[in-house]
Structure formats: structure tokens, C-alpha cells
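What follows is the residue order along each chain.
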Amino acid sequence: MRKALIPLLITVLVVYSAQQLLTPVLAPLSRELALTETQLGLVITVAATALTIASPLWGHALQKIGLRLVLLSGLGLATAGLTGFAIVAAIGLDGTMPTPIVFALLLATRSIVFGAGIAALPVAALAVASTSTTTEAERTRATGLVGAAQGLSLVLGPAGGGALAVVSLMLPLYLAPVLCLLLTIWVLATVRPPSASAPAGQRGPRLRPWDARLWPLLAIGFCLYLSLGLVQVIIGFLVADRLHLGPQETAGAVGISLFAAGLILVAVQGGVVPALSWPVLRLLRMGIPIAIASFALLAVADSLWLIATSFGLLALGLGLAISGFTAAPTLVAEPAQQGSISGLVNATIGATFIVGPVLGTALYEISPVIPILAALGAVVTALVLAWVSPAARHTRVAATL
């Protein structure tokens with residue numbers, strides 16, 4: 001299982017780290033480009049829309065063209081999108097292009113092209129994690145490793161982006177597409193992972209997101225990721241406004257907060273979850289209350305230490321709960337349906353970032369605390385579903401049959 005996953009974990013880690021290089025500079029860069037908070041939210045929301053639409057298509061493509069071609073296609077789009085984003089941002093900072101045109105081109109490059117490309121990577125990784133495992137413990141461990149790779153990107157990416165931003169806000173933008181290009185060359189030259197697709201003629205019944213076995217599980221995941229999307233995009237503005245920092249100081253402070261959160265997320269998903277071997281239902285019921293406490297703290301945090309602590313608690317809670325959510329839908333699907341279920345899981349995650357960033361930034365303009373309270377409401381809803389939903393309880397029964 002681990003051998004089959006290694007190429008996928010490396011791919012996810014590098015590309016998501018390249019994406020996270022940009023996180024500390026997005027808020028200050030948007031203000032340098034004369035973009036509003038809502039416009040920045042739209043850039044992320046449109047990217048999430050592209051990811052949501054593309055994810056089920058990539059899941060279907062796994063059945064048609066195989067894992068390697070899906071990886072190469074996704075990496076090619078991701079590289080092109082980040083390259084275009086860097087070029088457009090550089091031109092926008094020079095003041096030689098009107099702001100509306102800069103905004104439109106940012107949507108085309110960073111949002112549509114990059115969003116569609118990066119969607120392929122977790123879909124492929126989750127499909128391999130699911131098809132290479134049989135028991136609930138193995139499945140949770142494998143999907144947890146995929147989450148840990150994404151979590152490690154939260155350590156490497158923001159830390160690197162924050163350090164580079166001290167020199168120039170543009171350095172992370174230049175480095176990100178270079179990393180993706182080098183990874184594409186590596187995959188093209190050396191990676192020959194086994195296909196994650198099902199054998200021809202063995203695809204099984206088509207799964208629908210409104211299936212009674214699936215929709216409550218997907219709803220739990222939607223609420224969990226929505227809570228994260230509501231606050232992730234505003235952290236730069238929150239740090240700048242509460243701590244009264246300039247653009248470069250803000251980038252550094254955001255990097256510190258996300259660095260701490262990323263360390264905890266990696267430790268939970270890559271170490272704690274495999275060691276505990278808890279059923280998915282217990283992971284949900286134990287992790288979500290911790291996330292609730294983190295948002296309560298963030299609502300009143302007035303120092304960098306408290307903000308970083310709240311994000312650390314959030315990483316602990318979501319690290320447990322998301323590991324449960326990611327594995328849960330795969331337990332009700334047949335082996336031949338794992339590509340499709342991976343597409344649905346990733347589409348659910350993407351859908352939250354259609355709503356979360358634009359809603360978070362819009363609510364922030366009304367009052368900085370409102371998006372945090374909205375995130376709190378989302379995780380409370382997830383906890384209720386985890387306790388009362390028959391579908392959530394069925395994952396435990398299905399895994400023991």
C-alpha cells in the first residue's frame with residue numbers, strides 16, 4: 001500500500017506546497033494590485049468552482065486513460081495556471097494594465113486553469129489509497145497519508161512563501177510554477193505507478209452524491225471544509241487589522257500561524273490517526289468538538305500567539321475529523337467505484353471553497369468576527385450530523401461486515 005502511494009504522495013506534496021507558497025502573499029498582493037477583499041475571495045471561489053467541476057471528470061478519466069496520463073494532464077494545467085498568474089501579477093504591479101483586466105486574467109490563470117489542473121492530484125491519490133486497502137483501519141491510514149501530504153504543504157508552503165515575501169512579494173509567485181514544472185518532468189521521465197482504474201467492464205453501479213448512503217457523509221465533509229474556507233482566506237486581513245501590521249509583516253505573521261497549524265495537521269494525519277486506528281465515526285465525534293473550541297478562541301484572539309494557538313487547535317480537530325470524513329464514503333463503495341467516489345469527495349471539498357472564501361470575505365467587510373461565527377456554526381452542524389445521521393453510523397457497520 002505504501003509503495004503504490006509514494007509517487008502520488010510526492011506529487012500532492014510538491015504541487016500543494018507550490019500552491020501554499022502563495023498563501024502568505026495573497027492578501028498584501030491583492031492590496032498592491034488594488035483588488036478588494038471580495039475580489040480576492042472571487043479568485044479563490046472561481047478556482048474552487050473549476051476544481052469542483054473537474055474532480056468528477058478526473059475520477060471518470062481514471063477509468064478511461066489511466067493514472068499516469070491523469071497526473072501529467074493535471075500537472076500540465078497546474079504549471080500553466082501558476083505561470084500565467086505570476087506574469088499577470090508582475091504586469092499588474094507595474095501599473096501598465098487596468099485593474100479590471102488584471103482581475104479577469106487572474107481569474108483565467110490562477111482560478112480556472114490552475115483549479116482544474118490541481119483537482120486531478122488528490123482524486124488520483126485517494127483512488128490509489130482506496131483500491132490498495134481492504135479494512136477500515138488500512139483505508140483510514142492510507143487516506144490519512146494523503147491528508148498528511150496536503151498538511152505538510154501547509155508547513156513548507158507558507159513558511160517558504162513568508163520567508164521569500166520578506167525579500168519580495170513576487171518571489172513565491174516565480175518559484176511556484178518552477179516547482180510544478182520540475183515535478184512534471186519527473187513524472188514524465190520516471191513514474192510508472194499502477195493504474196488506479198478498474199478493469200474494463202468492472203465499473204460497478206454509478207454513484208450519485210444524493211445516494212442515501214453518501215449525502216450525509218458528504219454533508220459532514222462539506223461543513224468541515226466550509227468552516228476552514230471561511231477563515232483561511234481572511235487570516236491575512238485579520239492579522240493585519242487586529243495586530244496593525246504592514247504588508248510584509250502580515251505575510252510573515254500569516255506564515256507563522258499556518259506553519260504551526262501545518263505541523264500539527266501533519267502529525268495528526270500522518271502519525272496520530274494511524275497509531276490510534278479509530279473507526280471513522282470516532283474520529284469525527286472526537287475531532288469536531290476540538291474544532292469548535294478553536295473557532296471560539298479565534299473569535300476573541302487579539303495577539304499573534306492566540307491566533308496561532310487557535311489555528312493549531314483547528315488543525316488538531318480537523319486532522320482527526322477530516323481523516324474520518326475522507327475514509328467514510330469509500331467504505332460504502334465497491335472497489336470498481338473508488339475512482340468515482342474519490343471524485344465526489346474532492347468535488348465536495350472544492351464546493352466548500354466556492355462558498356467559503358467569497359462568503360468569508362464578504363462577511364469580513366461587515367464585521368471581522370462574523371465569518372468566524374459562521375465557521376463555528378458549520379462545525380456544530382457537522383457534529384450534529386455525525387451523532388444523528390444513520391449514514392454515519394452505517395460506516396461502522398459496513399466496515400465490520
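Being a predicted model, the structure only gives us computed values, none of them experimental.

Below, the discussion takes up the side chain of E136. By secondary structure assignment, the location of E136 is in helix α7 (residues 136-167). A polar contact is formed between the side chain of E136 and the backbone nitrogen of V280, at a distance of 2.9 Å.

Okay, helix α4 (residues 67-94) next. In this model, α4 (28 residues) spans 41 Å end to end at C-alpha, consistent with the 40 Å of a helix rising 1.5 Å per residue. Immediately downstream of α4, the backbone of G95 shows phi near 75°, a positive value.

Attention now goes to empty space enclosed by the protein. Under the definition given, this model contains 3 cavities of 30 Å³ or more. If you go around the largest cavity, you meet 50 residues; those closest to its centre are Q19, Q20, L228, Q232 and F353. Among the elements that line the lining of the largest cavity, the one with the most residues is α7, at 7 residues. Lining the second largest cavity are L26, L29, S30, L33, L35, L40, V43, I44, F85, L106 and R110. When contributions to the lining of the second largest cavity are tallied by element, the ones reaching two or more residues are α2 (23-32), α3 (37-64) and α5 (99-118). For the lining of the second largest cavity, a count of residues per class yields 9 nonpolar, 1 polar and 1 charged.

The next point concerns helix α11 (residues 247-276). Over its 30 residues, α11 runs 41 Å from end to end, which matches the ideal 44 Å to within 8%, given 1.5 Å per residue. Of all bends in α11, the biggest is about 40°, found at V268. Backbone geometry just downstream of α11 places S277 in the positive-phi region, at approximately 55°.

Looking at the element boundaries, I112 is found in helix α5. Relative accessible area serves as the criterion here: at 45%, I112 is assigned to the partly exposed category. Sequence separation of I112 and P98 is 14 residues, and the distance between their C-alpha atoms is 21 Å.

Right, let's talk about the side chain of Q269 for a bit. Considering the arrangement of structural elements, one finds Q269 in helix α11. Residue classification places Q269 among the buried positions, given a relative accessible area of 4%. Side-chain polar atoms of Q269 contact the backbone nitrogen of A148, separated by 3.5 Å. The residues contacting Q269, other than those within four sequence positions of it, are G144, L145, G147, A148, P274, G319, I322 and S323.

Moving on, we come to the environment of I372. Inspection of the secondary structure puts I372 in helix α15 (residues 370-388). For the pair I372 and I234, spaced 138 residues apart in sequence, the C-alpha to C-alpha distance is 9.5 Å. Sequence-distant contacts of I372, that is, excluding residues within four places in its chain, are made with V231, I234, L238, R242, F295, L298 and A299.

Time to look at the nonpolar core. In this structure, L173, L224, I288 and F311 are the most contacted members of the largest nonpolar core, which totals 119 residues. Take this core: its biggest share by element is 11 residues, from α4. Excluding anything up to four places from it in sequence, I288 contacts L224, G317, A321, V379, A382, L383 and A386. Of all hydrophobic cores here, the second largest spans 5 residues; its members include V280, A327, A328 and L331.

Here we take up a nonpolar patch on the surface. On the surface, a nonpolar cluster with roughly 430 Å² of combined accessible area is contributed by L175, V178, L181, L182 and I185. Along the chain, I185 turns up in helix α8 (residues 171-190). Assessed through its relative accessible area of 48%, I185 is described here as partly exposed.

Now for unusual backbone geometry. Even without being glycine, A34 reaches a positive phi, approximately 65°. With a phi angle near 55°, S277 is a residue other than glycine that sits in the positive phi range. Mapped onto the fold, S277 is located in the loop between α11 and α12 (280-300).

Taken as a whole, this structure holds 2 aromatic pairs when the rule is applied. Both rings, one in Y225 and one in F325, keep their centres 6.3 Å apart while their planes meet at 65°; by these two values the pair is edge-to-face. One end of the pair, Y225, is in helix α9 (residues 215-232); the other, F325, is in helix α13 (residues 304-327), with 100 residues separating them in the sequence. For the pair formed by Y225 and F325, the shared burial category is buried. Centroid distance F237 to Y364: 6.2 Å. Interplanar angle 40°. Geometry classified as tilted. Of the two residues, F237 is situated in helix α10 (residues 235-243) and Y364 in helix α14 (residues 338-366); the sequence distance between them amounts to 127 residues. Note on accessibility: F237 and Y364 belong to one class, buried. Positioned above the aromatic ring of W387 is the side chain of R285, whose terminal nitrogen or guanidinium carbon lies 3.9 Å from the ring centre.

Calculation rules
Residues numbered from 1 in each chain as written. Predicted model: local features only at pLDDT ≥ 70, side-chain atom pairs only at ≥ 80, totals over all residues. Heavy atoms only, no water. Helix = DSSP H or I, 4+ residues; strand = E, 2+ residues; numbered from the N terminus. Polar contact = N/O pair within 3.5 Å; in protein donor to acceptor, adjacent residues only side chain to side chain. Expected span 1.5 Å × (residues − 1). 1 Å grid on protein atoms, 1.4 Å probe; cavity = no way out; pocket = protein on both sides within 12 Å on 5 of 7 lines; lining within 4 Å. Points joined across faces, edges and corners; volume = space filled by probe spheres on them. Nonpolar A, V, L, I, M, F, W, Y, C, P; charged D, E, K, R; others polar. Bend = angle between axes of the 7 residues up to and from the residue. Buried < 20%, exposed > 50% of the residue type's maximum accessible area, 1.4 Å probe, protein only. Contact = heavy atoms within 4.5 Å. Core = buried A, V, L, I, M, F, W, Y, C linked by side-chain atoms within 4.5 Å. Patch = residues over 30% accessible without salt bridge, like charges linked within 9 Å, V, L, I, M, F, W, Y side chains within 5 Å. Areas by Shrake-Rupley, 256 points an atom, 1.4 Å probe, with all protein chains shown as cover. Salt bridge = Lys/Arg side-chain N within 4 Å of Asp/Glu carboxyl O. Phe/Tyr/Trp six-rings, centres within 6.5 Å; stacked < 30°, edge-to-face > 60°. Lys NZ or Arg CZ within 6 Å of the ring centre and 35° of its normal.

Read these as spatial facts, not as claims about activity.
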